[in-house]
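# Reading the structure
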Amino acid sequence: MADNFFTIPLINPVKFYDVERANLSKYFTKHFDEYPFDERLYDWHEPDEYVQPWQTTDIIKLQFESTFDPIIVELIDSYGVAQITLPALIGLPNKYYANTFSFEVSMSLAGVTTGCYRLKITAGSAGPEQKTYLSGRHYITSTPFTYPTLMMEYWHSRFHEDVIFETGIKYQYRLLGHLGFTTPGRDDEKTKDQRYNPTILSSRSFRKQDVFFGDDFGLPDDVIDLLNRIWGCNNVTIDNKSFAANDEFEFFDVTHQKYPRRGVKITV
């Protein structure tokens, strides 16, 4: 059992943290892959906590790569009581990690009572080898948010970011944001005759549009890291329309330097 393997690909739409995590006394930095947002704040930051938004129309899809079995995923309320309990279904063998398989969960939020929740993973049978992970807080509601949100769906045509996309998984991820102005453009090939009159040989029109993520509230670094990974997929939709990233991220301060989140803009 000592060689048991369990990994949560970073492109999953939910960030999980090992409940037994601990920093050695000689290290003071709490990295965002190991610690939730509110535990990473420095003394000079304003107290803050990032809450992931979802609607009851959404489905949380997850994939893990593991030798553990079973893997149980739960949606737990603020009292620690499980409201949804699902076994992760074993899927394709992972040829990139010897003797491991992909495990998937598709958790529909339909019928969930509005409120704050966490997701919990229990990997393996009870015993010293069992692993437990918790997510940050998630707010699930049956009514539209006061502030605009964007539903991103993303997938790749083959193995990517440690995920076996060949299983057909298509991730969903909701976050605060909105679409900005559209800038029309064209890519023309032209020639000029002896009288110097221009003639268009071919022309292709396109649209560029700014997308703002985080809006007035901003995003923590781990969410920005996830966005960067999402745009590395060759299929990304925003509210059911396909887009491709045209530029790198542009960051902007939401309020002032003591506020621990930033807004993000990208041109698509």
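Up top is the structure.
Residues numbered from 1 in each chain as written. Predicted model: local features only at pLDDT ≥ 70, side-chain atom pairs only at ≥ 80, totals over all residues. Heavy atoms only, no water.

## Considerations on the sheet that holds strand β4 (residues 59-66)
Here is the rule: Only strands that DSSP links by at least two bridges are regarded as paired with each other. Numbering of helices and strands starts at the N terminus; helices are DSSP runs of H or I of at least 4 residues and strands are runs of E of at least 2.
The strand order across the open sheet built from 4 strands is β1-β4-β8-β7, with neighbouring strands paired in antiparallel fashion. The two strands at the open ends of the sheet, each matched to only one other strand, are β1 (6-7) and β7 (89-94). Pairing analysis gives 8 bridges linking β4 to strand β8 (residues 100-108), with the strands arranged antiparallel. Within β8, the position partnered with Q63 by the bridge is E104.

## Regarding the side chain of H138
Stated precisely, the cut-off is as follows: Exposure is judged per residue with a 1.4 Å probe applied to protein chains only, and the accessible area is read against the type maximum: over 50% gives exposed, under 20% gives buried, and values in between give partly exposed. In protein, a polar contact requires one atom able to donate a hydrogen and another able to accept it; more generally it is a pair of N or O atoms within 3.5 Å, and residues adjacent in sequence count only if both atoms are side-chain atoms. Pairs of residues are marked as contacts when any of their non-hydrogen atoms sit within 4.5 Å.
Take H138: it is sitting in strand β11 (residues 138-141). A residue is classified by how much of its surface remains accessible, and H138, at 4% relative accessible area, is buried. A polar side-chain atom of H138 sits 2.9 Å from a polar atom in the side chain of W54. Separated by 3.4 Å, the side chains of H138 and S135 make a polar contact. Ignoring anything within four residues of it in the chain, the contact list for H138 reads V14, V51, Q52, W54, G115, C116, Y117 and L119.

## Re the pairing of strand β5 (residues 71-76)
The buried fraction of β5 is high, at 5 of 6 residues. With 6 bridges connecting them, β5 and strand β9 (residues 115-123) associate as antiparallel partners. Across the sheet, residue I71 finds its bridge partner in β9, namely A123. Where β5 lies against strand β6 (residues 82-87), 5 bridges are found, and the strand directions are antiparallel.

## Let's talk about the nonpolar core
What counts here: In plain words, nonpolar cores are sets of buried Ala, Val, Leu, Ile, Met, Phe, Trp, Tyr and Cys residues tied together by side-chain atoms within 4.5 Å.
Of all hydrophobic cores here, the largest spans 28 residues; its most connected members are M152, Y154, Y173, L175, F213, L219 and W231. Residue assignment for this core shows that the elements contributing at least two residues are β12 (149-155), β13 (171-192), β14 (198-213), α1 (221-230), β15 (235-238) and β18 (262-267). Sorting elements by how many residues they give to this core places α1 first, with 5 residues. Beyond its immediate stretch of four places on either side in the chain, Y154 contacts I11, N12, P13, F165, K170, Y171, Y173, L226, I230, C233, N235 and V236. Ranked by size, the runner-up nonpolar core spans 25 residues in total, among them L62, L75, A88 and Y133.

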